[in-house]
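What the coordinates show
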2 protein chains.
Amino acid sequence: MTRQRDVILQALADEEAFRSAQELYADLRTAGTPIGLATIYRALQTLADTGDVDVLRTESGEALYRRCGTRHHHHLICRSCGKTVEVAADAVEQWAHAVAKRHGFRDPAHTVEVFGLCRDCPDA
Amino acid sequence: MTRQRDVILQALADEEAFRSAQELYADLRTAGTPIGLATIYRALQTLADTGDVDVLRTESGEALYRRCGTRHHHHLICRSCGKTVEVAADAVEQWAHAVAKRHGFRDPAHTVEVFGLCRDCPDA
DNA sequence: CAGGGATTGAGAACCGTTATCACTATCGGC
DNA sequence: GCCGATAGTGATAACGGTTCTCAATCCCTG
Ligand SMILES: [Mn+2]
Ligand SMILES: [Mn+2]
Ligand SMILES: [Zn+2]
Ligand SMILES: [Zn+2]
């Protein structure tokens, strides 16, 4: 664990929403923390590999990162402000397993995200 | 509807798996069909907007396209050969709606994909 | 046949991400 | 402390998928 990695974890720890690497870079530089963009990408990749951060892809293909609990979960995300809630989904887990089995697919995995507008965001 | 757009729809119609724009381009050119890459991207975007093709993002961020039924559905996808089955998921629809409501999120939407290895693909 | 708006496609530009590589920080052994 | 080995950093270049540009072409309508 190096100073830079700690800084990145810290930046994510304070944050409820998913953030992009470029956003983190801009924020840290603005805050006067010296760090390279390559370092941020490397750290995020490492953290994603070890399961310390979750990754999701924007509709446009950009990768977003978030410090999440280690238990299996999914996300409820405000599509305006990005506010994110971790949600459990036992029924969905079982459904995914069953649908794979029914069609003869083995070693099943799944992605599930729910989007909406949170209480604090106007309709606009 | 122009010749090019018809060609693209045709290429997708014969295909069970999700395909990338670049794959379609390579295949059509190899088959002797003259078409530009920009045209393919434009056509796919239009078709996606009108709901005639579904789009999904690779883990690496690449966009993949597939001609699908018009009813709401999700996908069961072989992560080796790409074979794709459309699946209904009423239980999941209801769960998504409920979880959004419970947390005060309105106008809910969701993404759900199931991945696995199909019968025809070795474990490798 | 024109005229004119829509479409095409080669190439350039764009942008998020990854690779390169010289430099620096860290650490265990001396 | 000093040294060499090792791992990490970051400015920059390269990469790859997508979008933009714009001149040429198509195609509908009068
Ligand atoms: Mn799950
Ligand atoms: Mn659904
Ligand atoms: Zn919000
Ligand atoms: Zn398969």
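Everything below is about the structure printed above this text.
The following paragraphs examine the structure supplied in this document. (Residues numbered from 1 in each chain as written. Chains lettered and ligands numbered in written order. Predicted model: local features only at pLDDT ≥ 70, side-chain atom pairs only at ≥ 80, totals over all residues. Heavy atoms only, no water.)

1. Structural notes on the protein's contact with DNA strand C
Lining the immediate environment of DNA strand C, one finds 16 residues, of which Y41 and A63 of chain A together with T2, T39 and R42 of chain B sit closest. For DNA strand C, the fraction of atoms within 4 Å of the protein that belong to sugar or phosphate moieties is 71%. Side-chain polar atom of Y41 of chain A to a phosphate oxygen of DNA strand C: 2.5 Å apart, as the coordinates give it. If you list the elements that add at least two residues to the surface near DNA strand C, you get α3 (37-49) of chain A together with α1 (3-13) and α3 (37-49) of chain B. Among the residues forming the surface near DNA strand C, the class breakdown is six nonpolar, six polar and four charged. (Near = heavy atom within 4 Å. Polar contact = N/O pair within 3.5 Å; in protein donor to acceptor, adjacent residues only side chain to side chain. Helix = DSSP H or I, 4+ residues; strand = E, 2+ residues; numbered from the N terminus. Nonpolar A, V, L, I, M, F, W, Y, C, P; charged D, E, K, R; others polar.)

2. A few points about the protein's contact with DNA strand D
Inspection of the region around DNA strand D gives 16 residues, with T2, T39 and R42 of chain A together with Y41 and A63 of chain B positioned closest. Among the atoms of DNA strand D lying within 4 Å of the protein, the sugar-phosphate backbone contributes 72%. At a separation of 2.5 Å, a phosphate oxygen of DNA strand D approaches a polar side-chain atom of T2 of chain A. One of the backbone N or O atoms of G36 of chain A is found 3.1 Å from a phosphate oxygen in DNA strand D.

3. A short note on the sheet that holds strand β3 (residues 63-67) of chain B
Note: strands within a sheet are paired through backbone hydrogen bonds, in either parallel or antiparallel orientation. Residues and elements named next belong to chain B. A sheet is described by the order of its strands in space; here three strands give the open sequence β1-β3-β2, paired in antiparallel fashion. Strands at the two margins of the open sheet, each flanked by one partner only, are β1 (19-20) and β2 (53-57). Bridge analysis of β1 against β3 gives two bridges, and the strand direction is antiparallel. The residue bridging S20 from the neighbouring strand is L64, located in β3. (Pairing = 2+ DSSP bridges.)

4. Details of the relation of the copies chain B and chain A
Superposition of chain B onto chain A requires a rotation of 180° combined with a translation of 0.0 Å along the rotation axis, giving an RMSD of 0.1 Å. Taken together, the rotation angle and the small translation identify this as a two-fold axis. Comparing contact sets, 100% of the residues at the interface of chain B also lie at the interface in chain A, consistent with an isologous, same-surface contact. (Least-squares fit on C-alpha atoms with pLDDT ≥ 70 in both. Contact = heavy atoms within 4.5 Å.)

5. A closer look at the coordination of the manganese ion (ligand 1)
Residues and elements named next belong to chain A. Summarising the metal site, the manganese ion (ligand 1) is bound by the protein donors H72 (NE2), H74 (NE2), E93 (OE), E93 (OE) and H110 (NE2), whose distances to it range over 1.8 to 2.5 Å. One chain supplies every donor to the manganese ion (ligand 1), and in sequence these donors are spaced H-x1-H-x18-E-x16-H. On the criterion of sequence distance, the pair formed by E93 in helix α4 (residues 90-102) and H110 in strand β6 (residues 106-117) is long-range, its members being 17 residues apart. (Donors = N, O, S within 2.8 Å, 3.2 Å for Na, K, Ca; no water.)

6. Re the coordination of the zinc ion (ligand 4)
Residues and elements named next belong to chain B. Protein coordination at the zinc ion (ligand 4) comes from C78 (SG), C81 (SG), C118 (SG) and C121 (SG), with a distance range of 2.2 to 2.4 Å. Spacing between the donor residues of the zinc ion (ligand 4) along the chain follows C-x2-C-x36-C-x2-C. With C81 in the loop between β4 (74-78) and β5 (84-87) and C118 in the segment after β6 (106-117), the pair connects residues that are 37 residues apart, well separated along the chain. Accessibility expressed as a relative area gives 0% for C118, which makes it buried. (Buried < 20%, exposed > 50% of the residue type's maximum accessible area, 1.4 Å probe, protein only.)

7. Topic: the pairing of β4 of chain B
Residue and element names in this part refer to chain B. For β4, the buried fraction is high: five of the five residues fall into the buried class. Residue alternation in β4 divides its side chains into two sets, H74, L76 and C78 and H75 and I77, and both sets are buried. Hairpin remark: β4 followed by β5, antiparallel, with five residues in the connecting loop; positive phi at G82, about 85°. As judged from the four bridges shared by β4 and β6, these two strands associate in the parallel manner. Following the sheet pairing, H75 is matched in β6 by E113.

8. Quick notes on the pattern of salt bridges
On inspection of all chains with the given rule, the structure shows 14 salt bridges over all chains. As a salt-bridge pair, R106 of chain A and D123 of chain B come within 3.1 Å of each other at their nearest N and O atoms. Of this pair, R106 of chain A sits in strand β6 while D123 of chain B sits in the segment after β6, which puts the two residues in different chains. Residue classification places R106 of chain A among the partly exposed positions, given a relative accessible area of 29%. Since its relative accessible area comes to 58%, D123 of chain B is described here as exposed. (Salt bridge = Lys/Arg side-chain N within 4 Å of Asp/Glu carboxyl O.)

9. Quick notes on the sheet that holds β6 of chain B
Read across the open sheet, the six strands follow the order β5(A)-β4(A)-β6(A)-β6(B)-β4(B)-β5(B); overall the sheet is mixed. Pairing within the sheet leaves two strands with one partner each, and these edge strands are β5 (84-87) of chain A together with β5 of chain B. For this sheet, the mean inter-axis angle between neighbouring strands, taken without regard to orientation, is 20°. (Axes fitted to C-alpha atoms, helices over the stretch in contact; angles between N-to-C directions.)

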